[in-house]
Amino acid sequence: MSATAGRDAGGGRVLWRAAGAEWAKLWSVRSTWWCLAAAFVLMVLAAVTLGGASATEALRAAGPSAAPVVASEAAVSATSFAQFALVALAMLTITAEYASGSIRVTLQAVPVRGVMLAAKALVLAPVMAATGVLAGAAATGAVYALLSIDVFGGLVVLPVGEVVRDLAGIGVYFALIAVLTLGAGAALRSAAGTLTVVFMLLMGLPLLLLMTGSGPAVALSLRMPLFAGLAFMGSTDNMTGGPIPYSAGEGLAWLVAWTAVVLAAGHAVLRRRDA
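First, a word on what this report is: a plain description of the structure on this page. (Residues numbered from 1 in each chain as written. Predicted model: local features only at pLDDT ≥ 70, side-chain atom pairs only at ≥ 80, totals over all residues. Heavy atoms only, no water.)

### Here we look at the packing of helix α6 (residues 160-188) against helix α10 (residues 248-272)
Two numbers describe how α6 lies on α10: the axes approach to 7 Å, and their chain directions differ by 25°. By the angle between their axes, α6 is roughly parallel relative to α10. Judged by the twist between their axes, the crossing of α6 over α10 is left-handed. Contacts between α6 and α10 pair Val172, Tyr173, Leu176, Ile177, Val179, Leu180, Gly183, Ala184, Ala186 and Ala187 from the former with Leu252, Leu255, Val256, Trp258, Thr259, Val262, Leu263, Ala265, Gly266, Val269 and Leu270 from the latter. Grouping the amino acids of the contact of α6 with α10 by side-chain chemistry returns 18 nonpolar, three polar and no charged. (Axes fitted to C-alpha atoms, helices over the stretch in contact; angles between N-to-C directions. Helix = DSSP H or I, 4+ residues; strand = E, 2+ residues; numbered from the N terminus. Parallel < 35°, antiparallel > 145°, perpendicular 65-115°, else oblique. Left-handed = near helix turned anticlockwise from the far one by under 90°. Contact = heavy atoms within 4.5 Å. Nonpolar A, V, L, I, M, F, W, Y, C, P; charged D, E, K, R; others polar.)

### What to know about the pattern of salt bridges
A full pass over the atoms with the stated rule returns six salt bridges. Ionic pairing is found between Glu22 and Lys25, a salt bridge with its closest N-O pair at 3.0 Å. Placement of the pair is Glu22 and Lys25 together in helix α1 (residues 3-27), with a separation of three residues, close to one helical turn. For Glu22, a relative accessible area of 9% gives the class buried. We classify Lys25 as partly exposed; its relative accessible area is 31%. Between Asp166 and Arg165 there is a salt bridge, and its shortest N-O distance comes to 3.4 Å. Arg165 gets classed as partly exposed once you look at its relative accessible area, which sits at 48%. Look at the salt bridges and you will find they share partners, linking Glu22, Lys25, Glu97 and Lys120 into a network. (Salt bridge = Lys/Arg side-chain N within 4 Å of Asp/Glu carboxyl O. Buried < 20%, exposed > 50% of the residue type's maximum accessible area, 1.4 Å probe, protein only.)

### Digging into the nonpolar core
The biggest cluster of nonpolar side chains holds 81 residues, and the ones touching the most others in it are Met43, Met128, Ile170, Phe174 and Phe227. The element that contributes the greatest number of residues to this core is helix α3 (residues 71-100), accounting for 15 residues. Not counting residues within four places of it along the chain, the set of residues in contact with Phe174 comprises Met43, Thr79, Ala82, Gln83, Leu86, Met128 and Gly132. (Core = buried A, V, L, I, M, F, W, Y, C linked by side-chain atoms within 4.5 Å.)

### Some details on the packing of aromatic side chains
What the rule picks out here adds up to four aromatic pairs. Ring centres 5.0 Å apart and planes at 50° place the aromatic pair Trp27 and Trp33 in the tilted group. Relative to Phe199, the ring of Phe84 has its centre 5.5 Å away and its plane inclined at 45°; by these criteria the two rings are tilted. Here Phe84, found in helix α3, pairs with Phe199, found in helix α7 (residues 191-212); they are 115 residues apart in sequence, far enough to count as distant. A residue is classified by how much of its surface remains accessible, and Phe199, at 39% relative accessible area, is partly exposed. (Phe/Tyr/Trp six-rings, centres within 6.5 Å; stacked < 30°, edge-to-face > 60°.)

Written out as structure tokens, the structure reads:
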């Protein structure tokens, strides 16, 4: 084995050991369980509320001939609410270490900043993806059960292909938003600062720009993570009744780009500043 190959293999072992340590840390604190439980509850409640509202509006407008609601579409719309429980969890994986001072121990064990950040991302992404799929499935089932009752005239469908696509999209979206939050936390180090910036990036700024009605501001808004994620998950509604003017693939590209930029900013700050 060459020296370069040996270094690469050694670096891989360090990364996986670091990921194992991050996995143990993630599940050793109660805040993880509270955040995941909150995400499930918010997902189900928001989906049921949105699905019920959609069915009621359709019945009022078209009566029994109204087009049925796809149950998983309500789960997609509910991500805008449930995502902040997972943002809180992703934020705490790094800001809590700065608050307690344990980040020094982490960086002594894994002195290469990029490896430490990658290990956290490797743990967060699959956990958030799995949470998104499971919470989305629970929300979809709840919406289907609600809209199947007589008062809604059974105005709901559950097409398997569309449901699978929607649930997979929710999982990918939650994973990328968690990694984006991790990057913001690495850059800002403060829980309050990270939560404020991520909230503005995901919800506050896009909606403010959209409400200006200015062409360039609206174009920027529709390419920020919130609407990029909705486009990727198959939604065409920009929350004001207008369309999101690009495909699911372009939505994913914008979402990945935002995540990469914020994560790179977090890595740059980690390399330049002491713990």
